[in-house]
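# A structural walkthrough
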Amino acid sequence: MNLAQRALGISPSPTLSIDAKAKKMIAQGLDVINFGVGEPDFDTPQHIKDAAIEALQKGMTKYTAVAGTDQLKQAIVNKFKQDNGLEYQPGQIVVSCGAKHSLYNAFQVLCQPGDEVILPAPYWVSYLEQIKLAGAQPVIVPTRQENDFKLTVAELEAAITPRTRLIILNSPSNPTGSVYTRLELAALGEVLVKHGIVIISDEIYEKLLYDGLEHVSIAALSPELKELTVVINGVSKAYAMTGWRIGYAAAPPAVAKAMADLQSHSTSNPTSIAQAASVAALTGTQQPLQEMLVEFNRRRDFMLEKIRQIPGVQCRQPGGAFYLFPNVSSYFGKSYRGRVVQNASDLADLLLEEAKVALVPGVAFGDDRFIRLSYATSMEKIAQGLERIAALLAGIK
Ligand SMILES: Cc1ncc(COP(=O)(O)O)c(C=O)c1O
């Protein structure tokens with residue numbers, strides 16, 4: 001059976017496949033330390049689970065409105081107001097099956113063949129595939145390690161053509177953990193407004209910030225920017241709810257309607273019970289999130305200290321999310337027991353096979369000089385894993 005052209009171009013998510021490979025090795029009894037994970041290792045807080053159980057007992061097991069229940073949409077409207085200073089009507093909110101689905105809907109309703117989408121690299125891998133699936137042309141714009149992997153105004157201006165339709169911004173970023181400041185966003189925003197470029201602002205890591213950094217939504221900077229922006233967020237990362245599959249978007253009314261209409265013919269509403277749980281996540285106590293943040297912060301500091309002690313590895317201090325993104329290119333062109341390491345992919349293979357440490361090579365994010373390590377795992381595992389990495393790297397000559 002022949003596959004459609006559209007399907008032939010899709011690459012499977014490398015982050016999910018590395019995680020799956022590591023989990024399989026662990027299931028086979030191998031002692032693998034998994035730094036490939038993209039989800040908090042904490043359990044969903046009890047009050048959120050209780051809300052789901054209550055919804056189930058109350059019989060909230062039927063279809064809901066396609067774009068989400070009134071209660072959840074109101075909770076999201078309130079969240080945007082309180083956290084981001086953004087005023088939306090419930091009709092501007094679309095709840096979907098994870099932020100990934102929200103992004104998919106947004107690209108589908110906003111892009112078409114002939115459109116160019118600016119994608120600053122390193123980027124989260126699904127953006128690239130989703131842009132292509134929408135028939136648009138990704139324009140990958142490399143950012144610089146020296147600039148904390150943040151797009152500059154000059155880089156943005158150089159990438160704009162008459163075909164530029166959209167840009168994707170992700171702060172805090174996966175994989176780099178970089179966080180744009182208000183001033184940086186305002187400077188980029190000025191150029192984007194001048195050219196009428198639509199912004200998809202993925203703010204899924206909003207709550208996972210350290211060092212007193214502030215999260216700013218570019219949509220909140222001016223009415224013009226709000227009109228041009230689709231904000232993406234969700235409960236997966238902040239509330240350890242990756243399996244519940246609830247993400248959401250806030251957009252100008254016509255865009256939100258188109259996204260909901262599209263969704264009405266694909267998944268319909270996201271799971272009713274997960275929606276009830278998400279209301280509890282957004283409106284209930286934020287104490288579990290605070291506790292998770294303290295722990296993530298402790299782990300980040302520890303992992304960063306250890307990784308910086310390894311000769312030839314450079315790593316910036318990331319301000320958000322739960323990843324380190326060190327540069328390992330000083331090892332390229334050298335060998336480990338006769339195996340040449342040409343890039344981060346070779347190194348990731350070597351680390352998994354020889355040191356039993358799983359991590360994601362930077363090729364998944366558009367720059368194969370780097371590796372991504374998640375610290376969503378215990379301190380003990382971080383200590384062991386880093387020892388293994390240091391030992392293997394010491395053997396590369
Ligand atoms: C930058 C970014 N956006 C979106 C998502 C998707 O989140 P969800 O699990 O809610 O679909 C992820 C998950 O890894 C992510 O890292």
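One can find the structure itself at the top, above this paragraph.
This structure is a prediction, so every number in the text was calculated from the model and none was measured. (Residues numbered from 1 in each chain as written. Predicted model: local features only at pLDDT ≥ 70, side-chain atom pairs only at ≥ 80, totals over all residues. Heavy atoms only, no water.)

### A look at the sheet that holds strand S6 (residues 198–202)
In space, the seven strands of this open sheet follow the order S2-S8-S7-S6-S5-S3-S4, with mixed pairing throughout. Strands at the two margins of the open sheet, each flanked by one partner only, are strand S2 (93–96) and strand S4 (137–142). Averaged over all pairs of adjacent strands, the angle between strand axes in this sheet comes to 20°, irrespective of strand direction. Strand direction decides the pairing type here: S6 and strand S7 (residues 229–234), joined by four bridges, are parallel. Residue pairing in the sheet places Ile 200 in a bridge with Val 230 of S7. (Pairing = 2+ DSSP bridges. Helix = DSSP H or I, 4+ residues; strand = E, 2+ residues; numbered from the N terminus. Axes fitted to C-alpha atoms, helices over the stretch in contact; angles between N-to-C directions.)

### Some remarks on the environment of Ala 52
Residue position: Ala 52 is located in helix H3 (residues 46–57). Among residues more than four places away in sequence, those in contact with Ala 52 are Trp 244, Ile 273 and Ala 277. (Contact = heavy atoms within 4.5 Å.)

### A short note on the packing of aromatic side chains
Counting across every chain of the model gives 13 aromatic pairs. Ring geometry for Phe 149 versus Phe 325: centroids 5.7 Å apart, planes at 75°, classification edge-to-face. In this pair, Phe 149 sits in the loop between S4 and helix H7 (153–159) while Phe 325 sits in the loop between strand S9 (323–324) and strand S10 (334–336), placing the two residues 176 residues apart along the sequence. Of the two residues, Phe 149 and Phe 325, both sit in the buried class. Taken together, the ring pairs connect Phe 42, Tyr 205, Phe 296, Phe 322, Tyr 323 and Tyr 375 into an aromatic cluster. Looking at Lys 79, its charged tip hangs above the ring of Phe 80, at a distance of 5.4 Å from the centre. (Phe/Tyr/Trp six-rings, centres within 6.5 Å; stacked < 30°, edge-to-face > 60°. Buried < 20%, exposed > 50% of the residue type's maximum accessible area, 1.4 Å probe, protein only. Lys NZ or Arg CZ within 6 Å of the ring centre and 35° of its normal.)

### What about the site of the ligand?
Neighbouring residues of the ligand: 13 residues in total, closest Asn 174, Asp 202, Ser 236, Lys 237 and Arg 245. Arg 245 has a polar side-chain atom sitting 2.8 Å from an oxygen atom of the ligand. Within the complex, the protein chains bury 92% of what would otherwise be the 400 Å² of accessible surface of the ligand. A breakdown of the residues in the shell around the ligand according to their chemical character gives five nonpolar, four polar and four charged. (Near = heavy atom within 4 Å. Polar contact = N/O pair within 3.5 Å; in protein donor to acceptor, adjacent residues only side chain to side chain. Areas by Shrake-Rupley, 256 points an atom, 1.4 Å probe, with all protein chains shown as cover. Nonpolar A, V, L, I, M, F, W, Y, C, P; charged D, E, K, R; others polar.)

### Things to note about unusual backbone geometry
Omega for the bond connecting Ser 171 with Pro 172 falls within 30 degrees of zero, at -10°, which places this linkage in the cis form. If you check the backbone angles, Asp 211 has positive phi at about 60° while not being a glycine. Inspection of the secondary structure puts Asp 211 in the loop between S6 and helix H9 (223–228). For Arg 245, which is not a glycine, the phi torsion comes out positive at approximately 60°. On the secondary structure map, Arg 245 appears in the loop between S7 and strand S8 (247–250). Classification of Arg 245 as partly exposed rests on a relative accessible area of 34%.

### Observations regarding the packing of H3 against helix H11 (residues 272–283)
The geometry of H3 relative to H11 is characterised by a closest axis approach of 8 Å and an angle of 140° between their N-to-C directions. Classified by the angle their axes make, H3 and H11 are oblique. Crossing of H3 against H11: the hand is right-handed. Across the interface between the two elements, His 47, Ile 48, Ala 51, Ala 52, Ala 55 and Leu 56 from H3 touch Ile 273, Ala 276, Ala 277, Ala 280 and Ala 281 from H11. For the contact of H3 with H11, the class distribution of residues is 10 nonpolar, one polar and no charged. (Parallel < 35°, antiparallel > 145°, perpendicular 65-115°, else oblique. Left-handed = near helix turned anticlockwise from the far one by under 90°.)

### Overview of helix H4 (residues 70–84)
The end-to-end C-alpha distance of H4, which contains 15 residues, comes to 20 Å, matching closely the 21 Å that a straight helix rising 1.5 Å per residue would cover. Of all the residues in H4, the buried ones are Leu 72, Lys 73, Ala 75, Ile 76, Val 77, Lys 79, Phe 80 and Asn 84. Close packing links the buried residues of H4 with S2, S7, S8 and H11. After H4 finishes, the residue Gly 85 shows a positive phi value of roughly 65°. (Expected span 1.5 Å × (residues − 1).)

### Some words on the pairing of S8
Burial of the side chains of S8 extends over both faces: Gly 247 and Ala 249 are buried on one face and Tyr 248 and Ala 250 on the other. One ladder, built from four bridges, connects S2 with S8; its direction is antiparallel. Paired with Ile 93 across the bridge in S8 is Ala 250. Summarising the sheet, S7 and S8 pair through four bridges and their orientation is antiparallel. Residue pairing in the sheet places Asn 233 in a bridge with Tyr 248 of S8.

### A word on the pattern of salt bridges
Scanning the model with the defined rule gives 22 salt bridges in all. A salt bridge links Lys 49 to Asp 43; the shortest N-O distance between them is 2.6 Å. Overall, the relative accessible area of 23% leaves Lys 49 in the partly exposed class. Note that Lys 79 and Glu 206 form a salt bridge whose closest N and O atoms lie 2.8 Å from each other. (Salt bridge = Lys/Arg side-chain N within 4 Å of Asp/Glu carboxyl O.)

Coordinates in, geometry out; function isn't part of it.
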